[in-house]
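Single-letter residue listing:
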Amino acid sequence: MSRNEKMSVLFRKKPIASQTNESGALKRALSAFDLTTLGVGAIIGTGIFVLTGVAAAKYAGPGLVLSFLLAGTICAFAALCYSEFASTIPASGSAYTYSYTAFGEVIAWILGWDLILEYGFASAAVASGWSGYFQTLLSGFGLELPHALTSAFNPEKGTYFDITAALITLMITFLLTRGVKEAARANGIMVGIKIIVVLIFIGVGVFYVQPANWHPFLPFGFSGVTAGAATVFFAYIGFDAVSTAAEEVKRPQRDLPIGIIASLAVCTVLYIVVSLILTGIVPFNMLNVSDPVAFAFEFVQLNGLSWIVSLGAITGITTVLLVMMYGQTRLLYSMSRDGLLSPVFSKVSGKSQTPAVGSWLAGIIVALFSGFISLGHLAELTNIGTLFAFAVVSIGIIVLRKNNPDLKRGFRVPLVPLIPILSALGCFYLMTRLAALTWITFFGWLIVGLIIYFAYGRHHSHLNPLRRK
């Protein structure tokens, strides 16, 4: 095989027509409202209930509001790009599927492998965070788990497995295998509860704001704001998971852009308002705690409301876990259906019309990660994986516009190529604000993925002419 032929194999593209006319094995049951609640379910959680305090204390101070605004603006540009792709290619797989059309197979594999990292480790990290809140709630009732089962493997501290993190992961997996509509209904109820809790914090907390706490507004300078933006970017992870639901949406060309943009808009406003009130109630240097929103109420002696916030946090983090794991299973489903992964991940249950076997395999692996590995290690790679995916999708809009100018699009990104370029540059800039070790580990993960692709994926790909014969 000549060099040109080898390159053509690596960059073979999946036709758009084949992606918009897939087998239809998944049930179309979701509306624009369902998608919006899925997006809010994924976004509002760890960001408000955990990251706000850490980012304010370590990086941005009261300027955290600018960090959320910067990260939210970059996400908004990326969301517009996702919306055009989602309305044009309404198929499961998110950035992986879009890259298969715009760039070709090897780039699609890299994006898919990158998203496996994002969804898998983010799910495990969120489960670990959920465990911490749940154990705090149990202690309020005088209940405690055996110390060895309270945290990740750390013999020096006498802990070996985080049992509650693993159990919540398996419970969410069970819910997802019952059917997408059932999961969306449960998610909608939990989203409603946590939005009420956030609004209670805003409505009550505004009366306890001390403007003096906002001075100095930028204690770490603007570099602190950008470092804070790179940190809180984790808070926005999730709106892209909406696009993984494409094949289960009733009217994907119309509803997907609504779900993506609406969920991001709602969450950005809530993040900004909460960060302003939080840093107005508590001096920023006191916010380096795991439960900053509940701590703020304790700080002003509103202990009863603090308990309500803790309950809301558990509910909120549960919805994040649900949507992250949902995105993971649909991504694996798409890659498997294209032949790049084992067919076990695309086997659909006839009763629930969900990829049940693949969901359980992914759920068990995530449960083991969440049980054995600490929260800090799990969260390290999530931001860089997401930023990389957002940047590639943004560039993909420019490529698709050039190569397929007459393609029917349900939604069009305005000001192309300016918006996609700003999105990609913003994502790459935030990536430079992450630690060197994160970059090294990220490249190591991609190398492992390429080994798997060349050993298995390219030979079993449905675009491989030898396989079709």
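Coordinates for the structure precede this section.
The following paragraphs examine the structure supplied in this document. (Residues numbered from 1 in each chain as written. Predicted model: local features only at pLDDT ≥ 70, side-chain atom pairs only at ≥ 80, totals over all residues. Heavy atoms only, no water.)

What about the packing of helix H6 (residues 95-102) against helix H17 (residues 382-403)?
It is the contact of H6 with H17, at a shortest axis distance of 10 Å, that shows an interaxial angle of 35 degrees. The handedness of the crossing between H6 and H17 is left-handed. Counting all contacts with H6, which are made through Ala95, Tyr98, Ser99, Thr101 and Ala102, the residues of H17 involved are Ala389, Val392, Val393, Gly396, Val399 and Leu400. Here the residues of the contact of H6 with H17 sort into 8 nonpolar, 3 polar and no charged. (Axes fitted to C-alpha atoms, helices over the stretch in contact; angles between N-to-C directions. Helix = DSSP H or I, 4+ residues; strand = E, 2+ residues; numbered from the N terminus. Left-handed = near helix turned anticlockwise from the far one by under 90°. Contact = heavy atoms within 4.5 Å. Nonpolar A, V, L, I, M, F, W, Y, C, P; charged D, E, K, R; others polar.)

Observations regarding helix H19 (residues 436-460)
One full turn of an α-helix is made of 3.6 residues, so residues set three or four places apart face in the same direction. Over its 25 residues, H19 runs 35 Å from end to end, which matches the ideal 36 Å to within 8%, given 1.5 Å per residue. Approximately 50 degrees is the largest bend angle found in H19, and it occurs at Tyr453. When H19 is considered as a whole, its buried residues turn out to be Thr438, Phe442, Leu446, Gly449, Tyr453 and Gly457. (Expected span 1.5 Å × (residues − 1). Bend = angle between axes of the 7 residues up to and from the residue. Buried < 20%, exposed > 50% of the residue type's maximum accessible area, 1.4 Å probe, protein only.)

Details of the packing of aromatic side chains
Enumeration over the complete set of coordinates arrives at 20 aromatic pairs. On the numbers, 5.5 Å between centres and 80 degrees between planes, the contact of Tyr82 with Phe390 is edge-to-face. With Tyr82 in helix H5 (residues 64-88) and Phe390 in helix H17, this pair connects stretches of sequence that are 308 residues apart. For Phe390, a relative accessible area of 0% puts it in the buried group. Through pairs of rings, three or more aromatic residues link up here, namely Trp109, Trp113, Phe121, Phe369, Trp445, Tyr453 and Phe454. (Phe/Tyr/Trp six-rings, centres within 6.5 Å; stacked < 30°, edge-to-face > 60°.)

Distances and angles like these do not, on their own, reveal function.
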